[in-house]
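Coordinate inspection notes
Chain by chain, the residues:
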Amino acid sequence: MYKIKTSNKLFVIFFSLILLTAIISTAAASDWTQFQSDEVNSAFGPGPAVKAEPEILWYQHTSASGDNGINVPPVIAGDLVYTYTTNGSVWAFKKHNGELVWRSKTPGGSALQSSTPAYGDEKLFVASNGGDIFAFDALSGEELWRKHVTESNFECPITYFDHRIYIGDGLKGGFGAKYYYCYDDEGQLLWKYANDNSAGFIWNGASVIGDHIIYSTHEGNLVSLNRETGDLTDKIDLGSSDIAFSKEDPGMFRSSVAYQDGYIYTTSERGQEQGYVWKIRFEDGNFINDGWCVRNGFSTSTPAVHDGKVYVGQGEHGYTGHLTCLDESNGDILWSYFVDAGVKSSPALAVENEINYIYFTGAESDGSLYCLEEDGALAWEYNPPEDDGYILQGAAISDGKIYFGTDDGYLYCIQEKVPEGWEQFHKDTRNTGYSPSDAPDTNNVLWISEDIGAVKGSSPVIADNKVYVNCGDHVRSLDQYTGEFRANHSNGSIKYNSIASPAYNDGNVWCGLPESVNSGTTVADGKRFEGEWDGNYYCFDENTGEQIWNFSAEGNAQATPAYDNERVYFTTWVYGQTYGGNVYCVDANTGELVWNQSEIVYNSCSSPTIYGDVVYLTTYNFYGEGEIYALDKNNGSILWKKEIHPTDSTPAVAYGNVYVTGGCYGYSDLQTYCFDADTGELKWETKTEDGIGGWLCSVAIADEKLFVGTAFETDDDYTGLNGTCALDAFTGELIWNSPYGGSSPAIADEMVFTIADGKVYAFSEESTTDDEANVESPGFGLSFATFAFLASSIFIARRKRK
């Protein structure tokens, strides 16, 4: 059984208020704010895909007695995930750790709760089985208003758009006039439209398209209404012979309508095994006699459409089922994946490396969540441990994580399995800087090594219960738990005072090439990737050392390459010039150029970081501010850029954010920043007077904490180090600080490692025998001038690492 770690941090009231305010403000690009993500049911989740073996990040049980099942997909906004349970409870959890933020209750619980809530305008809207609509403050859970709308019930998703709520009557009460309603987000009825002789709406959610909303009725009518007035614009009967692709008996319609590129898509069911998938042109509020209809089995699944393909589920509970991929142009079946359960859920999509990943659930007890690649191959199947619950609906996607619930009342958050250890610079081949480990809540120092000549500014790596450190002439290893010296290994890296970090793989250790400057080794897919100062990047066979290719880039090279999906990414800059950075993407097998981004304004001295389909990097400007960039990984185009203090810092990415430090003591302020990884919106920054960060500090992230080294300039060295900080990853508030260490930290096995003064420092939650190890640095909140003085030589001359 997986458990949620309970933090032992003590929060003062003021800090708690800051944290609560920071949890959520407005919807972000990675949000999943309603059924199938948005108002057109696109089912698309931006950000990285969970494409390999998954693991539980956290789970929560919404009822100890098992009578509080989850039948709808979660809703995600900001840093919160919301779920609605069968007994009418509404729950809000922190999406990154599952901590309960608030819980509320609505009347009218039911054995089946099929109305998915919606988020908008910092409110959560919930439609109960008792016929009421509620609005809750999304941050606090305070009930803002409730309206009793109908003597029927609600069984279809809420659609929210432009401060308006759209929903239809449920099946309660049988045939008759069943209404579709429009309320504003303050609870005022704007209009209602009578659908005569209808059973009602179960899972029949609407899409908002331009000035209209469209939905299907249980009986097979497609309805288009003016979304402002509720007036009928168009209606067609899919069982009518007037429609070229109609069916005499289309069956029942119990799915929402999805829209993309001028067409709507929906499904129907007939009996237990028959049903159809429909594509119909929609233009200016009218249904056009253009499209197709194919028989594809019983379906309550809302189609997901992307890149010329339509993904849809088939199968009733108690029967076998399929997830089918259709050609969007003509409805031909491209492939169908069989599961031993009905697929009543609606698929969710994520794209990474230009590959579609499709997520869906099987409707059975002890059901599973499945991930397919776009060719129909199974990427993985996940069956929740110790949970026999029925999984009715599908999943929601946000920030590289998948959320889903079961009928046993469990809400799960799973992510792609993150390997333990910290075996390369900035953790892994993508330089993400994130560890799944827990991390110390206090500044206890477990051990301090002897002076082993550890290169200031370099970062250690942790593997095989050892800490590997660049010591110039050699890489040296220490015992991870005692700090005792173990062995000398390969040559270190000292060219121009290089601060390269080692890399470990399968018992072997490397630390760049003899002519490397800061460019450590990246090991991936049986290959080593390394750069030299003269601008050449190389690929070697990991086992034989044979050169496979070399790439001559413009300028000087000092990045530790990033590797992902058989491509390698690195940067160059031109020594002695203020302008002219480059970012390259090359084929990892051949060294052939895939793309080059040459519009980087200043000196791109940092290593790149890969997260999902985005490359992050920073720049140094000798005469002003630097920048952080987000580039499209597939073509190098600039997605966004933001001004920061000049830096060589390699960005770290976690929790939907990108973190970076900047500034050089005596030349610019030292600060640490947190940006939204999708949009570049600044979420927080440390205060300039605190002096946290520095141009050589690449942060490390674990356990919702950010570990930052701090640095200053001396008269004979540009890598003076001045301690280590732990910050709250969501607010930037200081958790602890220490005068020890200061180089880019590494994290593994609940320990933090950093370098200063030729020594390695290990922080751990365990008590230390050295009382002085718990002394807090007197410098934070004061100027670091207390600890350092300005360099007397010209700063630019030192950039060549002489």
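Note that this is a predicted model, so its numbers are computed, not measured.

Turning to the overall build of the protein, a few remarks are in order. Secondary structure assignment for the protein yields one helix and 62 strands. Out of the 802 residues in the protein, the part that is buried amounts to 64%. Long-range contacts, defined here as pairs at least 24 residues apart, represent 52% of the contacts in the protein between residues at least 6 apart.

The next subject is the environment of G535. Within the secondary structure, G535 is located in the loop between β41 (527-531) and β42 (536-541). On the accessibility criterion, G535 (0% relative accessible area) is buried. Considered as a pair, G535 and S516 are 19 residues apart in the sequence and their alpha carbons are 9.8 Å apart. Setting aside anything within four residues of it in sequence, one finds G535 in contact with F551, S552, A553, G555, N556 and A557.

To describe a pair of aromatic rings, one takes the distance between the centres and the angle between the planes. Under the defined criterion, the tally for this structure stands at 50 aromatic pairs. Between F360 and Y370, the aromatic rings sit 5.1 Å apart at their centres with planes inclined by 15°, giving stacked as the arrangement. Linking F360 in strand β27 (residues 355-361) with Y370 in strand β28 (residues 369-373), this pair joins segments that are ten residues apart in sequence. The exposure class of F360 is buried, given its relative accessible area of 0%. For Y370, a relative accessible area of 6% gives the class buried. A centroid spacing of 5.8 Å and a plane angle of 35° characterise the contact between F570 and Y584, whose relative ring orientation is tilted.

Attention shifts here to the sheet that holds strand β29 (residues 378-382). Pairing is antiparallel in the open sheet, where four strands are placed in the order β26-β27-β28-β29. The sheet terminates laterally at β26 (348-352) and β29, the two strands that pair on one side only. Taking the axes of each pair of neighbouring strands and ignoring which way they run, one obtains an average angle of 20° across the sheet.

By the element assignment, N97 lies in the loop between β4 (89-94) and β5 (100-105). Among the polar contacts made by the side chain of N97, one reaches the main-chain amide nitrogen of E99 at a distance of 2.9 Å.

With 89% of its residues at a pLDDT of at least 70, the protein reaches an overall mean of 88. For residues 1-27, every residue scores under 50 in pLDDT, and the model assigns this stretch 50 contacts once sequence neighbours within four places are set aside. Every residue in residues 769-802 is under pLDDT 50, and counting partners more than four places away or in other chains gives 93 contacts.

Burial of strand β15 (residues 212-216) is extensive: five of the five residues sit out of reach of the surface. Burial of β15 is two-sided: the residues H212, I214 and S216 facing one way and the residues I213 and Y215 facing the other way are all buried. For strand β14 (residues 207-209) and β15, the ladder comprises three bridges, and the chain directions are antiparallel. Its bridge partner lying in β15, I209 is registered against H212. In sequence, β15 turns back onto strand β16 (residues 221-226) through a hairpin of four residues, with G220 there showing a positive phi of about 105°.

Bringing the sheet that holds strand β53 (residues 657-662) into the picture now. The antiparallel open sheet is built from four strands, whose spatial order is β52-β53-β54-β55. The open sheet has two edge strands with one neighbour each: β52 (652-654) and β55 (682-685). Across the sheet, the mean angle from the axis of one strand to that of its neighbour is 20°, orientation sign disregarded. As paired strands, β53 and strand β54 (residues 671-676) are joined by six bridges and run antiparallel to one another.

Core analysis: the largest hydrophobic core is formed by 31 residues, its most contacted members being Y359, L369, W380, I402, F404 and I414. Considering each element in turn, this core owes the most residues, five residues, to strand β32 (residues 410-416). Apart from residues lying up to four places away in sequence, W380 is in contact with V50, K51, A52, E53, P54, Y359, L369, Y370, C371, I402 and I414.

On to the side chain of Q671, then. Looking at the secondary structure, you find Q671 in strand β54. Side chain to side chain, Q671 and H645 meet in a polar contact 2.7 Å long. Engagement of the side chain of Q671 in a polar contact is seen with the backbone oxygen of T686, the distance being 2.6 Å.

Cut-offs applied
- Residues numbered from 1 in each chain as written.
- Predicted model: local features only at pLDDT ≥ 70, side-chain atom pairs only at ≥ 80, totals over all residues.
- Heavy atoms only, no water.
- Helix = DSSP H or I, 4+ residues; strand = E, 2+ residues; numbered from the N terminus.
- Buried < 20%, exposed > 50% of the residue type's maximum accessible area, 1.4 Å probe, protein only.
- Contact = heavy atoms within 4.5 Å.
- Phe/Tyr/Trp six-rings, centres within 6.5 Å; stacked < 30°, edge-to-face > 60°.
- Pairing = 2+ DSSP bridges.
- Axes fitted to C-alpha atoms, helices over the stretch in contact; angles between N-to-C directions.
- Polar contact = N/O pair within 3.5 Å; in protein donor to acceptor, adjacent residues only side chain to side chain.
- pLDDT = per-residue confidence, 0-100.
- Core = buried A, V, L, I, M, F, W, Y, C linked by side-chain atoms within 4.5 Å.

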